[in-house]
Amino acid sequence: MTKIEEEILKARGLRGMEVEKPLVIDFAREENTQMLYQHSTLLSSYTANWDGFYLQYHHQPPQEISKHCSKQHRIIIHNHPLPTPKIERIEELSQESQVMPGTITVVPANTQNWAYWDAEHRFIVLIFESNLFARHIAESTDVDEVELLTTLSHPDSLIYSIGLALKAELESNGLGGHLYVDSLAIALMAHLLRHYSSQKCSLQISASGLPKTKLRQVLEYIHDRIGQDLTVAQLAALAHMSPNYFSGLFKQSTGLTPHQYVLRCRIDCAKQLLHEGKLSIAEISNHLGFSHQSHFSQYFKRLVGTSPKTFLKRQ
């Protein structure tokens, strides 16, 4: 520890914490979050079943975060400014920084870390299992092993946008569905591989897209289950590919992500059902798997340019 760091800690009454035995926290269990923070989360994804991927949204008072390590990788996303600097330390890396919206901190699994701030603090935490990241490495690169790198208070507009999008998805009670969350998670993993790893990795995507037979099989599967909450993992398994690799090939073939394609199919089906006039707008919304009629109307207007009600009147 440098002399400057010692003075910072001493001034805030934190001197000596380097000998404290760290807590080991499993963030896969929501209740374990209370071991670290004074207040409970304002929002979390634990009941949303995101398959080893979690989001927490915090509003915490001034506090010292005890020295600890997590069984999962974490990304702290700052979406509100702090009026005073925040002190962060991960292993031997320490920094006092001014927190601004869009800055992030990457905390790899099993690394000792602590933090301190002396003002009200709102932030997002993305948490994901180590094997989730490892699986994306194995599926996307020729490298046997990649280390996620520690990063303190670094501006990153893409991760910031992904964090806000996932937070909005929770607040909408699952408006986008599993395909939307899967797409964001895949984009996050690819970005981490390219910019926050010990290897400069790039995704190996075929320029020709999915083979025609597999593409036809996947599209038929989607159309036969258009009202179900499909996942990228389901579609990828059908093509005998990893979710990450499949998503890239699918977009090469269709020009759309799996989530975008399914959404367009649902809206095309809705237009046909409205034209037939046998079902109400509410029945069509439910039939096509939208969680609320307002969500259906929102997407319909976005893609068609008019509301379902207006579309129906014009028939």
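What comes next is a walk through the structure.

Conventions we followed
Residues numbered from 1 in each chain as written. Predicted model: local features only at pLDDT ≥ 70, side-chain atom pairs only at ≥ 80, totals over all residues. Heavy atoms only, no water. Helix = DSSP H or I, 4+ residues; strand = E, 2+ residues; numbered from the N terminus. Buried < 20%, exposed > 50% of the residue type's maximum accessible area, 1.4 Å probe, protein only. Polar contact = N/O pair within 3.5 Å; in protein donor to acceptor, adjacent residues only side chain to side chain. Contact = heavy atoms within 4.5 Å. Axes fitted to C-alpha atoms, helices over the stretch in contact; angles between N-to-C directions. Parallel < 35°, antiparallel > 145°, perpendicular 65-115°, else oblique. Left-handed = near helix turned anticlockwise from the far one by under 90°. Nonpolar A, V, L, I, M, F, W, Y, C, P; charged D, E, K, R; others polar. Core = buried A, V, L, I, M, F, W, Y, C linked by side-chain atoms within 4.5 Å.

**Considerations on the side chain of Thr-111**
Piece 1. Tracing the backbone shows Thr-111 in the loop between strand 8 (103-107) and strand 9 (113-117).
Piece 2. In this structure Thr-111 comes out as buried when scored by relative accessible area, which is 12%.
Piece 3. Separated by 2.7 Å, the side chain of Thr-111 and the backbone oxygen of Pro-108 make a polar contact.
Piece 4. Among residues more than four places away in sequence, those in contact with Thr-111 are His-68, Cys-69, Ile-90 and Glu-91.

**Structural notes on the packing of helix 5 (residues 212-224) against helix 8 (residues 258-276)**
Piece 1. Viewed as axis vectors pointing N to C, helix 5 and helix 8 meet at an angle of 50°, and their least axial separation amounts to 10 Å. One element, helix 5, and the other, helix 8, form an angle in the oblique class. Handedness of the helix 5/helix 8 crossing: right-handed. From helix 5, Leu-219, Ile-222 and His-223 reach across to helix 8, where they touch Tyr-261, Val-262 and Cys-265.
Piece 2. In terms of residue class, the contact of helix 5 with helix 8 is built from 5 nonpolar, 1 polar and no charged.

**Remarks on the nonpolar core**
Piece 1. Grouped together as the largest cluster of nonpolar side chains are 36 residues, with contacts concentrated most on Ile-222, Phe-246, Phe-250 and Phe-296.
Piece 2. Listing elements by their share of this core, those giving two or more residues are helix 4 (177-195), helix 5, helix 6 (232-238), helix 7 (243-254), helix 8, helix 9 (281-287) and helix 10 (293-304).
Piece 3. The biggest single contributor to this core is helix 8, with 8 residues.
Piece 4. Beyond its immediate chain neighbours, meaning those up to four positions away, Phe-296 contacts Ile-267, Ala-270, Ile-281, Ile-284, Ser-285, Phe-290 and Pro-308.

Purely geometric numbers; function is a separate question.
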